[in-house]
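Given next are the chains, with one letter for each unit.
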Amino acid sequence: MPASPSSSAQAARKAVAQRLRELMLDAGLNGKQLAARCGWTPAKTSRIINAKTPPSDADIRAWCAACGADNQAADLIARSRQADAMFLEWRRMERSGLRQAQQAVRPLYERTRSFRAYAPWVLPGILQTRAYTTAIRDRRGLVDDVEAAVDERMDRQHILFGGRHRFALLIEESVLRNGLGGRPVMLEQLRHLLTVGRLPNVSLGVLPMRPDRDNGWPVEGFWIYDQAQVNVELVSGYLTITQPSEIAMYEKVFAELSDLAVRGAQARALITAAINVLG
């Protein structure tokens with residue numbers, strides 16, 4: 001896996017910083033000279049060049065103007081915005097409401113044909129019941145529109161039944177037994193999982209708890225959309241990966257985890273055992 005879960009975002013920021021440095025050198029300027037032309041401190045120039053501080057749109061325009069490269073500003077601003085969008089803090093993403101955050105990903109779900117997901121902590125959203133989703137979404141305590149957000153997520157589940165989308169889903173057995181939402185919520189959720197897991201376009205794999213697991217260690221939960229994009233849900237934010245080399249890393253990890261999973265009757269047996277524990 002990448003050294004950092006946000007390495008794609010950081011790599012994109014470094015690429016912008018590198019291009020700004022190249023423009024400065026091509027103009028025959030050093031950091032102090034560029035800072036003087038832009039009207040800020042040399043320390044700010046250093047922070048931008050070293051990708052420690054992302055430049056604002058105004059910073060990029062001033063930088064390009066100082067280097068006589070105004071025609072480069074629009075492209076660099078677009079690249080900088082893209083880098084900034086790759087990693088979104090939860091509060092920033094959800095400041096306008098949880099429903100809007102859910103609606104924003106609908107086009108991605110509609111156009112994707114092959115979904116691969118690994119769930120180490122909670123069940124994938126596409127498999128969740130309304131009660132389970134409510135219990136998960138209610139934990140953040142941000143804008144109070146959890147019910148509307150749940151409506152949107154439930155509506156999005158229609159792609160499970162349309163026949164145009166295929167799902168390969170991997171779940172750690174511990175997810176079946178962590179009791180999120182309480183006993184009634186988990187019982188309903190696990191029974192629903194047995195039903196959805198039988199759909200012809202759904203491959204549901206469960207990674208059994210075992211005392212001798214020496215490979216395929218749990219990692220952060222992620223979704224792979226076709227071969228175009230990976231989304232990773234972190235504690236502090238939401239990471240979007242589009243670099244082919246990093247997508248390939250997640251594909252490799254998914255294949256390794258998939259080899260450890262049981263499916264069909266064996267997977268249903270593990271789900272049923274979790275149901276029996278709840279009673």
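Conventions adopted
- Residues numbered from 1 in each chain as written.
- Predicted model: local features only at pLDDT ≥ 70, side-chain atom pairs only at ≥ 80, totals over all residues.
- Heavy atoms only, no water.
- Phe/Tyr/Trp six-rings, centres within 6.5 Å; stacked < 30°, edge-to-face > 60°.
- Helix = DSSP H or I, 4+ residues; strand = E, 2+ residues; numbered from the N terminus.
- Buried < 20%, exposed > 50% of the residue type's maximum accessible area, 1.4 Å probe, protein only.
- Disulfide = S-S within 2.5 Å.
- Pairing = 2+ DSSP bridges.
- Contact = heavy atoms within 4.5 Å.

Looking now at the packing of aromatic side chains. For any pair of aromatic rings, geometry is given as the distance between the ring centres together with the angle between the planes. Tallying each qualifying case throughout the model produces seven aromatic pairs. With a centroid separation of 5.8 Å and an interplanar angle of 75°, the aromatic rings of phenylalanine 115 and tyrosine 225 are classed as edge-to-face. Placement of the pair is phenylalanine 115 in strand β2 (residues 114-119) and tyrosine 225 in strand β5 (residues 222-225), with a sequence separation of 110 residues. According to the relative accessible area criterion, phenylalanine 115 is buried, its value standing at 1%. Between tryptophan 223 and tyrosine 225 the ring centres are 6.1 Å apart and the planes differ by 15°, which places this aromatic pair in the stacked class. Its relative accessible area of 2% is what places tyrosine 225 among the buried residues.

Right, let's get into the state of the cysteines. The full count for this structure, using the stated rule, is zero disulfides. Counting only cysteine sulfurs, cysteine 67 is the nearest neighbor of cysteine 64, a cysteine outside any disulfide, at a range of 6.9 Å.

Moving on, we come to the pairing of β2. Across the six residues that make up β2, a large majority, five, are buried. Relative to strand β3 (residues 166-172), β2 is paired through six bridges, and the arrangement is parallel. The residue of β3 that forms the bridge with alanine 117 is leucine 169. As judged from the four bridges shared by β2 and β5, these two strands associate in the antiparallel manner. Its bridge partner lying in β5, tyrosine 118 is registered against phenylalanine 222.

If you trace the backbone, aspartate 59 turns up in helix α4 (residues 57-66). Contacts of aspartate 59, omitting those with residues within four sequence positions, involve Trp40, Lys44 and Ile48.

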